[in-house]
Amino acid sequence: MKLEEVFSKLPALYNKKFGDLKLQEDISGFTINKGNTGQFLQQLLGMPNNSNLTDFSDGELKTNKSHPNGMPRETMFITQISKDFDSLFYENLEANRLLDKIDNLLYLPVVKPDGSSPEEWYFLPAHHVDSEQNRALKEMYLQDFLSIKQQILDHLDSSDDGYIHTSNGKYIQIRSKDAKRKDGSYNPIYSKVLNRYVSNKNHAFYFKTDFMKAIQNGEIPSNIIL
């Protein structure tokens, strides 16, 4: 499915409580929580839930917790890195999972009022951010990655524990993201290139709140799907 194929379906989802959308789309048995808001949106849009790099054949679908005015309340998860650590940080840029994943982005703010249940949450209008149409943004993505890459390599060389740590670009950051296993342990990252563990937890790329603020403020041009 191509990204533009869902444009016509999006306006019907805006400013409607999730509970009403479930009934409207006859998926009343679906349980919504923080971790599967994106999956809920995929069901509403009739999209397959698969393990491909991107949700669409030509782009990615993302949601993010926001204020009613669209301003972000938290960072936006992009992708975990454990399986791709060596290819990301020790190979060339021609096969870069991060840059491929965010190249063409459809992003929906989600309002989750304090103390509310998921049934009360609602989507705001979607933003289509295509870096192929914004060369300055595409270059910013690349420079953010290169900066983060250098910070990560510096951590591996000079940090006291020899592990990677939170690293930031202008719009993108990398930091720990993990859940405990049943035995209480985490999921460390192992580098075959270095032949050792490079972290004691899994890590992931995120868009910083500055990225969503720049979209909302018009500093990063986006096509608002209305």
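Let me sum up the structure you'll find in this document. (Residues numbered from 1 in each chain as written. Predicted model: local features only at pLDDT ≥ 70, side-chain atom pairs only at ≥ 80, totals over all residues. Heavy atoms only, no water.)

**Here we look at helix α2 (residues 37-44)**
The complete set of buried residues in α2 reads T37, F40, L41, Q42 and L44. Looking at the buried side of α2, the elements it contacts are α1 (18-24), β1 (60-66), β3 (104-111) and β4 (122-123). (Buried < 20%, exposed > 50% of the residue type's maximum accessible area, 1.4 Å probe, protein only. Helix = DSSP H or I, 4+ residues; strand = E, 2+ residues; numbered from the N terminus. Contact = heavy atoms within 4.5 Å.)

**With respect to the pairing of β3**
Of all eight residues that make up β3, eight are buried, and the element is covered over most of its length. Judged by which residues are buried, β3 turns out to be covered on both faces: N104, L106, L108 and V110 on one side and L105, Y107, P109 and V111 on the other are all buried. Bridge count for β3 against strand β5 (residues 126-130) is four bridges, and the pairing is antiparallel. Along β5, the bridge assignment pairs N104 with D130. As judged from the two bridges shared by β3 and β4, these two strands associate in the antiparallel manner. Bridge pairing in β4 places V110 opposite F123. (Pairing = 2+ DSSP bridges.)

**Considering unusual backbone geometry**
Glycine aside, a negative phi is what most residues show, and trans is what most peptide bonds show. Residues other than glycine seldom take positive phi values, yet N15 does so here, at roughly 60°. With respect to the helices and strands, the residue N15 is situated in the segment before α1. The backbone phi angle of N195 is positive, close to 60°, even though this residue is not glycine. Structurally, N195 is set in the loop between β8 (190-191) and β9 (196-197).

**Let's talk about the nonpolar core**
Formed by 32 residues in total, the largest nonpolar core has its most connected members in I172, F205, F207 and F211. Mapped by element, the contributors of at least two residues to this core are β2 (76-80), α3 (85-90), α4 (97-102), β3, α5 (135-158), β7 (172-176), β10 (203-207) and α6 (209-216). The element contributing the most residues to this core is α5, with seven residues. Apart from the residues within four sequence positions on either side, F211 is in contact with L105, L137, Y141, Y171 and I220. In this structure, L10, F18, L44 and L106 belong to the second largest nonpolar core, which totals 25 residues. (Core = buried A, V, L, I, M, F, W, Y, C linked by side-chain atoms within 4.5 Å.)

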